[in-house]
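Close look at the chain arrangement
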Amino acid sequence: MNQTAHVVLVGYGEVGTKSSSVRAKMEAKLRTNLQAVLDDRSLSGRVEREWSRLLVRDAADADAVAAACAEVPGVVWARPCVACDPTLDDIVTVCRTLASDHPDGASFAVDADRVGDADQHEFTSSDLEREAGSAVVDATGAPVDLDDPDRTYRIECREETAYLSVRRFDGPGGLPLGTQGRAVSLVSGGIDSPVATWELMRRGCEIVPVYVDLGDYGGADHRARAIETVRTIARRAPNTDMRVHVVPAGDVVERLMETVEDTRMLSLRRAMLAVAAEVATDEHAHSIVTGESLGQKSSQTGENLAVTEAAVDYPVHRPLLTRDKTDIVAAARDLGTYDDSTLPVGCERVAPSFPETNASLSAVEAAEPDDLFDLAVEAARERVVVSPDGE
């Protein structure tokens, strides 16, 4: 029996629904992205494409490779596998071997797919499930639970090779990064903006992170924390440019503090969007991303979002628009950015005592200083680009 234990199967979802030409391009991009992550983390493995799957061969640490692959946009799941000859006897033998570490008392199920022409194998998927299940019962005495098993023995039998696994690492799904152009993301270093940034990356957008430094009104060490959240996300995309564009906007804030009262936060948001638009033009990005959620703050009511968005011609994407704060916090924890996102963002010191929650565009524009957007554009042009790794 030929048997290999150092293989990882990588599954994708939406990519498989595309036309053949688009699918091939997306598969190639996903393969490149996966290899970049493995190389960046010094994990051995060679990413290849076969049928409707990507495989990582020669993975010395298959669990670590699968876990890394499961962080990459476009991946639905990754499984460390044992590969063997596609015969019923060999598959049952491997399944019995995998059962050697079956947890005491844990229930199980066998999920098998036999792929290929009907005459390629002398057995069906049902045969595989029945025979492999019997082997597990004989080896462990474990109960079968087809509805909610504690462990699933997954068998994928192809024409040339069968792949068996008992572990699955769930991925983010979505589309391969780099297939949907570029977007500028306003990263404040708070909880929301890193999650919003990740959501656009998960849909295939490369991101140009922009941090607007509020000068004396920024929180302590806030710039460093904002850059750290980008660094955390950038580990999932080491082959893309995620250097942070740091914009010195202290003069913008000072001007607003001198001239605007109840609509000050709206004008600050409008100035930030103007900064992002300037960067988007320079970086050939198609849109702007923010971490705003409907009704979460006074500046994020439906009316106020319309007023702030009117400051720019670029589309403004708000992937967290309908999500509750508890869900966003949970997503930040899963992403690994929560701990670096809990310092005050500085805007609290800019907010007026009685902020406007139902503003009109005409009233906001009338209250703004005439040079507000000139100051915003000037600040954007004075930006510095900082590597999230500190290099």
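Residues numbered from 1 in each chain as written. Predicted model: local features only at pLDDT ≥ 70, side-chain atom pairs only at ≥ 80, totals over all residues. Heavy atoms only, no water.

Per an unreviewed UniProt entry, the protein goes by Probable tRNA sulfurtransferase and derives from Haloferax prahovense. Under Sequence similarities (unreviewed entry), UniProt gives the following word-for-word description of the protein: "Belongs to the ThiI family." The UniProt entry for the protein carries the following text under Pathway (unreviewed entry): "Cofactor biosynthesis; thiamine diphosphate biosynthesis." (UniProt positions renumbered as here; feature names shortened; annotations may be inferred.)

A short note on the environment of Ala367
Mapped onto the elements of the fold, Ala367 is located in helix α11 (residues 361–367). As for Ala367 and Arg168, which are separated by 199 residues in sequence, their C-alpha atoms are 56 Å apart. Setting aside residues up to four positions removed in sequence, Ala367 forms contacts with Thr259, Val260 and Thr263. (Helix = DSSP H or I, 4+ residues; strand = E, 2+ residues; numbered from the N terminus. Contact = heavy atoms within 4.5 Å.)

Considerations on the nonpolar core
As a rule of thumb, soluble globular proteins bury nonpolar side chains together. By size, the foremost hydrophobic cluster in this structure holds 34 residues, and its most contacted members are Val184, Leu186, Val210, Val212 and Leu268. The set of elements that each furnish at least two residues to this core consists of β9 (182–186), β10 (206–213), α7 (250–259), α8 (264–283) and α12 (372–381). In contact with Val210, other than residues within four places in its own chain, are Val184, Ser185, Leu186, Val187, His245, Val247, Val275 and Val279. Residues Trp198, Ala234, Leu320 and Tyr338 belong to the second largest nonpolar core, which totals 30 residues. (Core = buried A, V, L, I, M, F, W, Y, C linked by side-chain atoms within 4.5 Å. Buried < 20%, exposed > 50% of the residue type's maximum accessible area, 1.4 Å probe, protein only.)

Concerning a negative patch on the surface
Taken together, the side chains of Asp216, Asp251, Glu254, Asp374, Glu378 and Glu382 present a region of like negative charge at the surface. Sorting the residues of the negative patch by element identifies α7 and α12 as the ones contributing at least two each. Its place among the elements puts Asp216 in the loop between β10 and α6 (222–234). With a relative accessible area of 62%, Asp216 lands in the exposed category. (Patch = residues over 30% accessible without salt bridge, like charges linked within 9 Å, V, L, I, M, F, W, Y side chains within 5 Å. Areas by Shrake-Rupley, 256 points an atom, 1.4 Å probe, with all protein chains shown as cover. Salt bridge = Lys/Arg side-chain N within 4 Å of Asp/Glu carboxyl O. Lys, Arg positive; Asp, Glu negative; His and termini not counted. Charge placed at Lys NZ, Arg CZ, Asp CG, Glu CD.)

As for the packing of α7 against α12
Relative to each other, α7 and α12 sit at 165°, their axes nearing to 9 Å. With respect to α12, the axis of α7 lies roughly antiparallel. Once α7 is placed against α12, the crossing between them reads as left-handed. The residues of α12 that touch α7, namely those facing Asp251, Val252, Arg255 and Leu256, are Leu372, Leu375 and Ala376. In terms of residue class, the contact of α7 with α12 is made up of five nonpolar, no polar and two charged. (Axes fitted to C-alpha atoms, helices over the stretch in contact; angles between N-to-C directions. Parallel < 35°, antiparallel > 145°, perpendicular 65-115°, else oblique. Left-handed = near helix turned anticlockwise from the far one by under 90°. Nonpolar A, V, L, I, M, F, W, Y, C, P; charged D, E, K, R; others polar.)

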